[in-house]
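Each chain, written out:
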Amino acid sequence: MKTILPTSLLLLSSLSRTSAYQWPKYLLSSINPLIGSAGPEPNLSGGMIPSVAPPFGSTRWVAQNQNSYVSATPFNYTESYMSNGTIHGFMGTRQPAIWMGESAWAAVVPGMSSGLDGDVKTGFEERGLSKVAGTEKFGVGLYSVELDVPESGGSTIQVSMSASSRVGHLQFTFNQGSVSDYQPYIFLPTTRPATIFHNPNTFDITYPNGTVQISPSTNEICGSNTEMQDFILAPNSIKDAASHFTGWYCATFDTPFNETGYGITVGSGDSTMRSEWAESGSGEELGAYARFQFPSQDLINSTVTVNVRIATSMISAEQAKYNLNSDSENELGSFDIHNTQSATENAWAEKVGRFQVETDGSSESEDKLAVFLTGVFHAMQYPYEVHEPNATSSNVQHYYSAYDNAIHQGESYSGYSIWDTYRAEWALLILLAPERIPGMVRSMLQDFEEGGWLPMWKNIIETNIMVGTHADSLLAEAVLKGFRSGSADGFEETFTTDELTTIWKAAWKDASVPPVKDLSVVYSDREEDVDYEVRAGLSTYFEQYAIGQGWVANDIHSEAVSRTLDYAYDDHAVAVLSALIPSEIIQGNTPNLSEIAAEFYQNKSETVSYNVTTLLDDRSMANPWTVWNADASAPAVVTGGEDIQGFVQARQQNGDWAATTDGFTEGDRWVYSFAFVHDVAELVNRRGGNESFVKSLNEFFDGGWVDFTNEPAHHTPYLYALAGAAAYTQERVRQIAKSNYNNTPNGLSGNEDCGQMSAWYVFSAMGFYPVNPVSGVYVVGSPFFSSLNVSIPVPPFVPASHPSITSNPYYNSTTNSFNLQILAPGAETNPYVKGLKVNGRVIGDEEEPLISHEEIRYGGLIEFEMSDQVESWGGGRGVWAENITSDAESSSTSYSFTDQSHTSTVSVLEHVEL
């Protein structure tokens, strides 16, 4: 491993801008950590765990009731678990989602055995202990349970668990039963048999190596393991570097064990080899333990309490030791678990406590509030911190990169499920956690510099999972919403010229450079032993008019339709970005522009007036329609009348249409025929206008084609509002919220996917949603609560002298926040919008049902007038519908909504004054 210093000093951590105000904690009790922790099978589970950790915590600590690997999280709720389940230890996990692998975990397992040298149960099944009924409690800052020790005369272990970002804090109170020779121990499993998933459905067992070092004089046990389950997906060009990955832990105990016993174990179950008093070991299925003793051997019902603080690191054991005392300024290495709990709850209060919600007090509304607040709780866990405090400089973080097997200075994050999160999770982070955005963007830039490309699905390393280069969208949206260089708006600089240059280089590379062997490698889902996938098929996507070009060829690449449409959106995002980056950066760092323009314009580029913005804009508007089959149709089974005409369809390289079922990522031709978020106006036109487009949406929803468990459907209910039928948006949003979310462990119909499922709910509950994330506008839906106030953090680029602070009635100096109040009296039972005002601006019945980011970024007042029946606002159900109000019918024969999701890059940018 080598250490690399940065080429320039990084800006001070954006976290320094976080307000010192003590946010109220009372709403934390409304969070239900069990939401999304159950499901009949992995695809129909939220894939969440009821863990304790602060927002964006590096490791999340959770009671473990099953092994963790791709398709299984360390905790899974079942009815049998709640009634008589067993707990097999307490795990600090870095598994970000149910379909991703585990890496660099740590675990702590309490137990009791007969005598001072009794057996230590190391096997996963044998070490399980039953819960004492009714003792398990889940909270955002503290988990607790009491465990029953079998054959011990009623001995129990009371467990409390909390955590900071890199340190788990566990408190075990061992209660002695009537069998007086039973004595406590704590086991630290260090390596284990790791389950590796190979697509499509093969599981292999591997045996990672590890090390253990026990220091009885200092009450410490440190160890390492090399487990990185997704290593098999690492691109070939970084696989050698990633092969050196090691995760470390260091545990410290408040109770000495130098005289009561300690040792090393190898193996599990009956094959366990135990070395009492050994201080070091290495190998497979490795573990360490420390023994403790009740105060008196003569009495029963004695107790002994042991606190364990265990830090993790991806740098070294010494770094893990440093993390023990440096992870939280409020913790200061204390063994008082309430200090850890308080610090973690304070961190969550800073996010969740920003909301003040008033409901009608009904149980249904209170359940909606729990889902909403839990949604914030889920969304603010991702991506998670990889960087660690630097002992040589308190103002600079550093991190280990598996992309080049080196240590670098700076902030770094993992758990970037970007194909999912670019849709709404990123917009929510920009709104609620702007202090994190600079570090998260720099993290992506570092991945580019260390590995050669921006991340797609980063789980410690790139995994090539999903399609598209939607990091382009994340960069564009961040820059669009103010995270860039200093400007005439009075903003402070977020990124240096060098960083903006890297942003542009990375995005342009995505848009202009195909992956290696692009015409021969399929780049199928979870394909192993390939290089970076990025925009696989870009070679045939480049040109619109030549045979086999303009689309991703189905006979070369998997998921060809999804790729074609996603690449078009990504082109749109890069076009938006290009209009915001200083021209001198663009001019000097856009290689091969003329060649790519010649390919696209078919050698007419000499007569076509273009620049990089217009080229990408033109390509984003032209290429997706190459997979639109105007002759494809489907019967209108539910809506009746003429068939639904026009669907996307995969094409072979020679231009022939492929099978209608080919070419999709987590969807089908129905949902992907609505995947034109940057060109909705043309989509409506291709479907025959507003009326027939709305009919096709109704057939999609009512005909059973919608699958909200997967993200391609998330924006679809809001498309009605862009076609003059906003009442349908209001109905569908409420229906989706009710059928896909609830306040139970089964409360998410699909995988959380690093916050996207919850981000949809949070935005929808507020009454608007970012259909096109890089447009700077939100489409209005139907708010869920009578009153909602959110204190929006002041972004780090807004100086104290900015007018938004000095002369803004919505600025709150006490909280250093912008207050956004959303009033919708009666919204709990009245789903329809009758009228809307935004900061006094009336959005009339025939106006676009849109709210710009500019209107809410500094706080404001959104006033909904709600109704229990369909109203003419936003077109109702469409002026062609019989049940529209008479006022709406007489106002016009049709609505012509200018599609703000895209008219051109210039108009998108003009809509939001930056």
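The residue numbers shown here count from 1 along each chain, following its written sequence. Per-residue local features are limited, in this predicted model, to residues with pLDDT of at least 70; the limit for side-chain atom pairs, both in listing and counting, is 80 or more; totals at the level of whole chains, interfaces and linings are taken over all residues. The side-chain figures draw on all heavy atoms in the structure; neither hydrogens nor water molecules are used.

Looking at an unreviewed UniProt entry, one finds the protein named Glycosyl hydrolase family 92-domain-containing protein and attributed to Lentinula detonsa.

Asker: When you look at the overall build of the protein in this model, what are you seeing that I'm missing?
Answerer: Helix and strand content of the protein: 24 helices and 40 strands. The C-alpha radius of gyration computed for the protein amounts to 28 Å, which stays within 12% of the reference 29 Å derived for 914 residues, consistent with globular compactness. Reported as C-alpha extents along the three principal axes, the dimensions of the protein are approximately 90 × 60 × 60 Å. Each residue is assigned to one of three classes by its accessible area relative to the maximum for its type, calculated with a 1.4 Å probe on protein chains only: buried under 20%, partly exposed between the two thresholds, exposed over 50%. Burial analysis of the protein (914 residues in total) assigns 66% to the buried set. Strands here mean DSSP runs of E at least two residues long; helices mean DSSP runs of H or I at least four residues long; both are numbered from the N terminus. For the radius of gyration, the atom set is restricted to C-alpha positions; the globular benchmark scales as 2.2 Å times the number of residues to the power 0.38.

Asker: What is the right way to look at the sheet that holds strand β15 (residues 247-253) in this model?
Answerer: Hydrogen bonds between backbone atoms are what pair the strands of a sheet, whose relative direction is either parallel or antiparallel. Pairing between two strands is assigned when DSSP locates at least 2 bridges connecting them. Taken in spatial order, the ten strands make up an open sheet running β3-β6-β7-β8-β9-β20-β15-β14-β13-β18, and their pairing is antiparallel. Across the chains shown, the open sheet's two edge strands, defined by having one partner strand only, are β3 (86-87) and β18 (280-283). Two strands pair when backbone bridges link them, and strand β14 (residues 220-225) and β15 are joined in this way by six bridges, in the antiparallel orientation. Each residue of the ladder has a partner; that of N225, found in β15, is G247. Any two residues whose heavy atoms approach within 4.5 Å are treated as being in contact. The axes used here are C-alpha line fits, helices contributing only the stretch in contact, and every angle between their N-to-C directions lies in the interval 0 to 180 degrees. The strands that helix α3 (residues 317-326) touches are β9 (167-175), β14, β15 and β20 (303-313); relative to β20, the one it contacts most, it runs at about 120°. Here helix α4 (residues 337-352) sits on the sheet in contact with β8 (156-163), β9 and β20, set at roughly 40° to β8.

Asker: I tried to follow the packing of aromatic side chains on my own but got confused; where do I start?
Answerer: In this description, an aromatic ring pair is defined by two values, namely the gap between the centres and the angle between the planes. Whether two aromatic rings pair depends on their centres lying within 6.5 Å, for rings of Phe, Tyr and Trp, where Trp uses its six-membered ring; planes under 30 degrees apart make the pair stacked, over 60 edge-to-face, and the rest tilted. Counting across every chain of the model gives 48 aromatic pairs. Judged by centre distance (6.3 Å) and plane angle (90°), the ring pair of F257 and F292 falls under edge-to-face. Taken as a pair, F257 in the loop between β15 and β16 (262-266) and F292 in the loop between β19 (286-291) and β20 lie far apart in primary sequence, 35 residues in all. Judged by its relative accessible area of 0%, F257 is buried. Judged by its relative accessible area of 1%, F292 is buried. Centroid distance F674 to F693: 5.9 Å. Interplanar angle 75°. Geometry classified as edge-to-face. You can see F674 sitting in the loop between α16 (669-672) and α17 (680-686) and its partner F693 sitting in helix α18 (residues 690-702), a full 19 residues away along the chain. By the ring-pair criterion, three or more aromatic residues cluster together here, those being F75, Y81, F90, F138, Y143, F172 and F174. The residue whose ring lies beneath K239 is F231, and the NZ or CZ to ring-centre distance is 5.6 Å. Two limits define a charge over a ring: the Lys NZ or Arg CZ must be within 6 Å of the ring centre, and within 35 degrees of the ring normal.

Asker: How do you make sense of the state of the cysteines when you look at a structure like this?
Answerer: Throughout this description, disulfide means a covalent bond between two cysteine sulfur atoms. Count a disulfide wherever a pair of cysteine sulfur atoms falls within 2.5 Å. Evaluated as defined, the whole model comprises one disulfide. In this model, C222 is linked to C250 through a disulfide, with the two sulfur atoms separated by 2.2 Å. Pair noted here: C222 is in strand β14 and C250 is in strand β15, with a separation of 28 residues, a long-range link. Each member of the pair C222 and C250 is classed as buried.

Asker: Can you walk me through helix α10 (residues 497-512) in this structure?
Answerer: Every α-helix carries 3.6 residues per turn, so stepping three or four residues along brings you back to the same face. With 16 residues, α10 extends 22 Å from end C-alpha to end C-alpha; this agrees with the ideal 22 Å at 1.5 Å per step. When you tally the buried positions in α10, you get twelve out of 16 residues, the bulk of the element. By definition here, a helix of n residues has an expected span of 1.5 Å times n minus one.

Asker: Got a minute to help me understand the packing of helix α7 (residues 425-432) against helix α9 (residues 471-480) in this structure?
Answerer: Helix packing geometry: the angle between the two helix axes and the distance between the axes. As a packed pair, α7 and α9 sit with axes 10 Å apart at the nearest point and diverge in direction by 30°. Compared by their axis directions, α7 and α9 come out roughly parallel. The two elements α7 and α9 meet at a crossing, and its hand is right-handed. Residues W426, A427 and I430 of α7 lie in contact with α9, whose contacting residues are L474, E477 and A478. Charged means Asp, Glu, Lys or Arg here, nonpolar means Ala, Val, Leu, Ile, Met, Phe, Trp, Tyr, Cys or Pro, and polar covers whatever is left, Gly included. Among the residues making up the contact of α7 with α9, the classes are represented as five nonpolar, no polar and one charged. Any angle between 65 and 115 degrees counts as roughly perpendicular, while under 35 counts as roughly parallel, over 145 as roughly antiparallel, and the rest as oblique. Handedness of a crossing follows from how the near helix is turned relative to the far one, being left-handed for an anticlockwise turn of less than a right angle and right-handed for a clockwise one.

Asker: I tried to follow the sheet that holds strand β39 (residues 850-852) on my own but got confused; where do I start?
Answerer: Within the open sheet, the three strands sit side by side as β32-β33-β39. Their pairing is antiparallel. Each edge of the open sheet is held by one strand with a lone partner, namely β32 (768-769) and β39. Two strands pair when backbone bridges link them, and strand β33 (residues 777-780) and β39 are joined in this way by three bridges, in the antiparallel orientation. Among the inter-strand pairings, Y778 is bridged to a residue of β39, identified as I851.

Asker: I keep staring at the side chain of S103 and nothing clicks. Help me out?
Answerer: Relative to the helices and strands, S103 resides in the loop between β4 (90-93) and β5 (106-114). What makes S103 buried here is its relative accessible area of 0%. Non-local contacts of S103, meaning those with residues more than four positions away in its chain, are made with R94, E227, M228, Q229, F245 and I460.

Asker: Explanation requested: the pattern of salt bridges in the structure shown.
Answerer: Opposite charge on two side chains permits pairing when their charged atoms draw close. We define a salt bridge as a contact between a side-chain nitrogen of Lys or Arg and a carboxyl oxygen of Asp or Glu at a distance within 4 Å. Scanning the model with the defined rule gives 28 salt bridges in all. We note a salt bridge from R354 to E350, for which the minimum N-O separation is 2.7 Å. Per residue, the accessibility class of R354 equals that of E350, and both read buried. Here E863 makes a salt bridge to K837, at a shortest N to O gap of 4.0 Å.

Asker: Quick question: what am I supposed to make of unusual backbone geometry here?
Answerer: Trans peptide bonds make up the majority, and among non-glycine residues the majority have a negative phi. Residue P200 is reached from N199 by a cis peptide bond, and omega for that bond is 10°. Along the chain, P200 falls in the loop between β11 (194-198) and β12 (202-206). Although it is not a glycine, V534 adopts a positive phi angle of roughly 35°. Taking the relative accessible area as the measure of exposure, V534 reaches 1% and is therefore buried.

Asker: How do you make sense of helix α5 (residues 363-379) when you look at a structure like this?
Answerer: End to end, α5 covers 24 Å across 17 residues, agreeing with the expected 24 Å (1.5 Å per residue, within 8%). Of all 17 residues in α5, 13 are buried; the element is thus mostly enclosed.

Asker: Explain the side chain of H470 here, please?
Answerer: Of note, H470 is situated in the loop between β29 (461-462) and α9. Of the residues examined, H470 reaches a relative accessible area of 1% and is grouped as buried. For the purposes of these results, a polar contact is taken to be a pair of N or O atoms within 3.5 Å, where, inside protein, one atom must be able to donate a hydrogen and its partner to accept one; residues adjacent in sequence count only when each atom of the pair is a side-chain atom. Among the polar contacts made by the side chain of H470, one reaches the side chain of D566 at a distance of 3.2 Å. Beyond its immediate stretch of four places on either side in the chain, H470 contacts I418, W419, Y422, D566, Y569 and D570.

Asker: Would you take a moment to explain a negative patch on the surface for this structure?
Answerer: Patch criteria: residues need more than 30% relative accessible area and no salt bridge. Like-charged residues are merged within 9 Å; nonpolar side chains of Val, Leu, Ile, Met, Phe, Trp and Tyr are merged within 5 Å. All accessible areas in this document rest on Shrake-Rupley with a 1.4 Å probe, and a residue is counted as covered only by the protein chains that are shown. The convention is simple: Lys and Arg are positive, Asp and Glu are negative, and His and the chain ends are not counted. To locate a charge, the coordinates of NZ of Lys, CZ of Arg, CG of Asp or CD of Glu are taken. A contiguous patch of negative charge, built from D360, E364, E366 and D367, is present on the exposed surface. For D360, the location among the structural elements is in the loop between β21 (355-358) and α5. For D360, a relative accessible area of 42% puts it in the partly exposed group.

Asker: Looking at this structure, how should I read the pairing of strand β37 (residues 832-838)?
Answerer: For a regular strand, side-chain orientation follows a simple rule: the groups alternate between the two sheet faces. Counting buried positions over the seven residues of β37 gives five, a clear majority of the element. Where β37 and strand β40 (residues 860-867) come together, six bridges link them in antiparallel fashion. Bridge pairing links V838 to I862 in β40. Of the pairings in the sheet, the one linking β37 to strand β38 (residues 841-843) comprises three bridges and is antiparallel in character.

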